[in-house]
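What follows is the residue order along each chain.
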Amino acid sequence: PFLLALTIAAATLVQTSHADIYAFGSIGFRALGFDNTTIGLLWAVSVVAEIAFFMLISRHLGGSDNAYRFLIAGAAVAVLRWALMAYAASALAIIALQLLHAGSFAATHLGAVYAIARIVSESRRAQGQGWLSGANALGFSGITLACGFLWERYAAHSYLAMSAIAACGLALALWAGFLQRSYPRRTSVGD
């Protein structure tokens, strides 16, 4: 149970670090002078990167043996993405950072799903996934409310707070990755 809670907390922190861009990204892009077409392109780039990750990377490198590698990598990418996003001003820089969605979101999600499949018995897997979804929903609602306050006062520099949240998730992911080495494996799903 502790490893499951730790894994869910790590993934939730990283995933909820996306709240700022989800809620205020378009406002920030418009403040930089981007038109609707460019803003749409910036969003499309992140979606395409996520889809490509799931289609290509997860297919060849997926599996529960890599669960914590994905979770840790996703957290590290999120820390970097949000720290740089606080200062990005050109469309090219933001496109590059939006491509990192494949890491910050997709790798984190895949890692969490594989980790739950690895540490929870098959009969409890749906419950584990439900806890992850519930934690993400609660986390997003709280962080999004905080982002309103942060964005109003700091605009794009509020991404630095998201980087700090992701860094907390990274610390928990590293801890969970260390602990899972001695945890009995429950499944071989995805291997």
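Note: the structure precedes this text.
Overview of the structure. The shown structure was predicted, so the numbers you read here are calculated from the model rather than taken from an experiment.

About the criteria used
- Residues numbered from 1 in each chain as written.
- Predicted model: local features only at pLDDT ≥ 70, side-chain atom pairs only at ≥ 80, totals over all residues.
- Heavy atoms only, no water.
- Helix = DSSP H or I, 4+ residues; strand = E, 2+ residues; numbered from the N terminus.
- Rg over C-alpha atoms; globule rule 2.2 N^0.38 Å.
- Buried < 20%, exposed > 50% of the residue type's maximum accessible area, 1.4 Å probe, protein only.
- Contact = heavy atoms within 4.5 Å.
- Expected span 1.5 Å × (residues − 1).
- Arc of directions from axis to C-beta.
- Phe/Tyr/Trp six-rings, centres within 6.5 Å; stacked < 30°, edge-to-face > 60°.
- Axes fitted to C-alpha atoms, helices over the stretch in contact; angles between N-to-C directions.
- Parallel < 35°, antiparallel > 145°, perpendicular 65-115°, else oblique.
- Left-handed = near helix turned anticlockwise from the far one by under 90°.

### Topic: the overall build of the protein chain
A tally of helices and strands in the protein chain yields eight helices and zero strands. Counting helices and strands in the order they occur from the N terminus, the protein chain gives α-α-α-α-α-α-α-α. Computed over C-alpha atoms, the radius of gyration of the protein chain comes to 17 Å, within 12% of the 16 Å expected from 2.2 N^0.38 for 191 residues, which places it in the range of a compact globule. Projected onto the principal axes, the alpha-carbon positions of the protein chain cover approximately 55 × 35 × 25 Å.

### Quick look at the side chain of Thr12
Tracing the backbone through its elements, the reader meets Thr12 in helix α1 (residues 2–16). Look at Thr12 and you get buried, because its relative accessible area is 10%. If sequence neighbours within four positions are ignored, Thr12 has contacts with Leu132, Ala135, Asn136 and Gly139.

### Re helix α8 (residues 159–179)
Compared with the 30 Å implied by 1.5 Å per residue over 21 residues, the 30 Å span of α8 between its first and last C-alpha is a close match. Residues of α8 that are buried include every one of Tyr159, Met162, Ser163, Ile165, Ala166, Gly169, Leu170, Ala173, Ala176 and Gly177, and no others. Buried residues along α8 cover an arc of 155° about the axis, so they all sit on one side.

### Things to note about the packing of aromatic side chains
Inspection of the entire model under this criterion finds eight aromatic pairs. Ring centres 5.8 Å apart and planes at 80° place the aromatic pair Phe53 and Phe70 in the edge-to-face group. With Phe53 in helix α3 (residues 36–61) and Phe70 in helix α4 (residues 67–85), the pair connects residues that are 17 residues apart, well separated along the chain. Measuring from ring centre to ring centre gives 5.9 Å for Trp151 and Tyr159, while their planes differ by 80°; the resulting arrangement is edge-to-face. Residue Trp151 shares its accessibility class with Tyr159, and that shared class is buried. Ring-pair connections join several aromatic residues into one group, and the members of that group are Phe24, Trp82, Trp151 and Tyr159.

### What about the packing of α4 against α8?
Two elements in contact, α4 and α8, have axes whose closest approach is 8 Å; the angle formed by their N-to-C orientations is 165°. The angle between α4 and α8 falls in the class roughly antiparallel. In terms of crossing hand, the pair formed by α4 and α8 is left-handed. Taking contact as the criterion, the partners of Tyr68, Leu71, Ile72, Ala75, Ala76, Ala78, Val79, Trp82, Ala83 and Met85 in α4 are, on α8, Tyr159, Leu160, Met162, Ser163, Ala166, Ala167, Gly169, Leu170, Ala173, Leu174, Ala176 and Gly177.

### With respect to helix α7 (residues 125–154)
Along its 30 residues, α7 runs 41 Å from first to last C-alpha, staying within 8% of the 44 Å computed at 1.5 Å per residue. Every buried residue belonging to α7 is among Arg125, Gly128, Leu132, Asn136, Gly139, Cys147, Leu150 and Trp151, and all of these are buried. Close packing links the buried residues of α7 with α1, α2 (19–31), α6 (101–119) and α8. Looking one or two residues past α7, Ala155 carries a phi angle of roughly 50°, positive in sign.

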